[in-house]
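Below are the chains, spelled out letter by letter.
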Amino acid sequence: CGVFGIFGHPEAANMAYLGLHALQHRGQEACGIVSTDGERLYSHRAMGRVQAAFDPQALTSLHGDRAIGHVRYSTAGGSHLKNAQPIGVDWARGSLAVAHNGNLTNFEALRDRLEARGSIFQTVADTESVLHLIALSQVEDPEGRIADALGQLEGAYSILFLDERRLIAARDPLGIRPLCLGIIEHDDRTGYVIASEPTAFDLIGARLVRDVLPGELIIIDEGGMRSSFPFRRAERKMCLFEYVYFARPDSILEGANVYEVRKALGRRLAVEQPLPPGEGEAVVVPVPDSGVPAAIGFAGQSGLPFEMGLIRSHYVGRTFIEPQQSIRHFGVRLKLNPNRAAIEGKRVIVVDDSIVRGTTSRKIVKMIRDAGAREVHVRISSPPTRWPCYYGIDTPTRAELIASTHDLQEISQYLTADSVGYLSLEGLVNGVRSVEAPARVGTPGGSTPPGPDSYCHACFSGSYPVPFTPSSPPRHLR
Ligand code: 5GP
Ligand code: SF4
Ligand code: MG
C-alpha cells in the first residue's frame, strides 16, 4: 500500500490526489482521501485506481487544508470497499482517520483481546485494531493515546492519522516499510507532506527533507512539527524487496536512489551469474518495466548489448496486484510481446527482478523461444523467494512459491530455460549497501551507516525480524 499526508495547503485534497497518483504502483485495488478544515472530517473512498475513483465533484467535497490518503493492495482483509482506507471513526472525543502501509503480526491477538472488551470490528483489516486501541486507551491527551496504541503493535507500519487538529505520522521501530517527510511552499506558507515514497513529492512541487526514522512519531499541527521516539528502540530492518521491486525506481529511500540500487544489483548479478560459454551473439533483454534497471547494470558489467526484446503495453496494470488468479494469467499475454528482430537467432539473457510463482516467467521464456531465440538464460536480481512476507507485501503461501518447493534445476526445467541464475543474498545486501551507505553520509539519521543486519530479507532467508507469538501463528504457516 501507499500513504500520503499533507498539512497546511489550501488545495490539500487535490495535492493528496496527485500524491496518490504518484504512489499508484503501491496498490491499485482501492483508494481514498480524508480531509479536514479543522471542524470536521470529509471522506471519499472507492474501489480501483485514483484517476477513476475521484471526479472533480468528489475532490471539491473534500474541504480543508489538511488531508491523508491511501492506495490499497490487499494483504490483510479481502477486496471490498469497506476495507478501503483511510478508515475513519467518530466518537465522543471527536473524529479520527487512519491510513496504514504494512501488516500487524499480532493483529489476531489484538482483535481477540479487543473483542473480549466489547469492541465491534467493522472491517477485517488489521488497521482497524489501531483505532480501537486508541479509543480504549486510558491516556488522557490525544497524542499520548496514539503513542500508547502504537506501542502495542507488532509488525510493520508506516501509518498516518488525521483528526480535526493534527496530522500524525509514525514508522515502526524496525522501519520495515518506507516513509518520507517533505516540505511544500505555497504563497508565504510552508506546509508539510509525508508519503511512502518521495515520487509523491516531485509531482506536487514538494521537497524531500528526509526519511521518517524507524520508531519516530511525528506530530504536525498549527504550532509546527514535533518529533519523538516513544517506542522501544530496535535495529533498523528496512525491507530489501522495496529496493528490488516494490518502490518506483525514481524514489530515494534511506538516501539511496532506487534506480542506482537496481543497476548495482544487475552488475553484481553479471559477476555472480555470467552467461555460460557458448556459440553465437548474445543480448541482454529486460522484462519490462521492473527488470530494466538491473538489465542495464548487467549489460554494462558484462559488456553485452542491451536490447528491448520484450515490449510492454502500458494499457494494463501490474498484473501481480490483480487479486484474482484468473486475471493474472490473462494479464501476461496482454502485457508483454516479444520483439522478434532483437532476439531472433541470439543467445538471450532475460533479466528480471524476482520470480514468485514462476508462471509469468515460464510464459516469457516460451515467448522468447517462439520468437526465434537460440538460447534463453534467465537471470534474477534477487535471491530465490522462498518465504511469505508478513510485513505488508502480498506474497503467496509457501506452497505456491516456486523456489520454496523446487530446487534450481527444477526451476530451470519448469521455466524451460537453458539456465537460471539468482543473485545471492550477500550480493543483494551488499549491492543495496553500496549505494545507500555513501548516500547517507551527512543526511539526518545517516550518522549510523547501514550494516549487513540493517535489512529485512525474510522472504529470501526465512529469518523474520519480528517473531511470531506461538499463540497466533501467521495464516500461511498453519
Ligand atoms: P512469476 O514468474 O513469479 O509469475 O512472476 C514474476 C514477475 O512478477 C516479476 O516480473 C516481478 O517483477 C513480478 N511481480 C509483480 N508483483 C510482484 C509482487 O508483489 N511480488 C513479487 N515478488 N513479484 C512481483
Ligand atoms: Fe520486505 Fe521480504 Fe521482509 Fe517482506 S519479508 S518486509 S518483502 S524483505
Ligand atoms: Mg516484473
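See above for the structure.
In this text the structure is predicted, and so the values were computed from the model without any measurement.

Trainee: I'd like to hear about the overall build of the protein chain, residue by residue, with values.
Mentor: Counting its regular elements, the protein chain contains 17 helices and 23 strands. Taking 23 Å as the expected radius of gyration for a compact globule of 478 residues, we find that the protein chain reaches 23 Å, a close match to that expectation. Along the first, second and third principal axes, the C-alpha set of the protein chain runs to 75 × 55 × 45 Å. The proportion of buried residues among the 478 residues of the protein chain is 51%. Of all intrachain contacts in the protein chain linking residues separated by at least 6 positions in sequence, the fraction that spans at least 24 positions is 71%.

Trainee: Break down the nonpolar core for me, citing the residues and quoting the values.
Mentor: Core analysis: the biggest nonpolar cluster contains 138 residues, and Ala16, Leu160 and Val350 have the highest contact counts within it. Excluding anything up to four places from it in sequence, alanine 16 contacts Phe4, Ile6, Ile33, Ala67 and Gly69.

Trainee: Summarise the site of ligand 2; cite the residues concerned and give the values.
Mentor: Near ligand 2, the surroundings consist of Ile176, Cys239, Leu240, Phe241, Cys389, Tyr391, Ile393, Cys456, His457, Ala458 and Cys459. Contributions of two or more residues to the shell around ligand 2 are made by helix H8 (240–246) and helix H17 (458–461). By residue class, the composition of the shell around ligand 2 is 10 nonpolar, one polar and no charged.

Trainee: Give a detailed account of the environment of leucine 253, specifying residues and quantitative values.
Mentor: In this structure, leucine 253 sits in strand S15 (residues 252–253). Each C-alpha atom, one on leucine 253 and one on leucine 179, is 8.3 Å from the other, the two residues being 74 residues apart in sequence. In contact with leucine 253, other than residues within four places in its own chain, are Pro178, Glu242, Tyr243, Ala247 and Val258.

Conventions we followed
- Residues numbered from 1 in each chain as written.
- Chains lettered and ligands numbered in written order.
- Predicted model: local features only at pLDDT ≥ 70, side-chain atom pairs only at ≥ 80, totals over all residues.
- Helix = DSSP H or I, 4+ residues; strand = E, 2+ residues; numbered from the N terminus.
- Rg over C-alpha atoms; globule rule 2.2 N^0.38 Å.
- Buried ≥ 20, exposed ≤ 12 C-beta atoms within 10 Å, placed from the backbone.
- Contact = placed C-beta atoms within 7 Å.
- Core = buried A, V, L, I, M, F, W, Y, C linked by C-beta atoms within 7 Å.
- Near = placed C-beta within 6 Å.
- Nonpolar A, V, L, I, M, F, W, Y, C, P; charged D, E, K, R; others polar.

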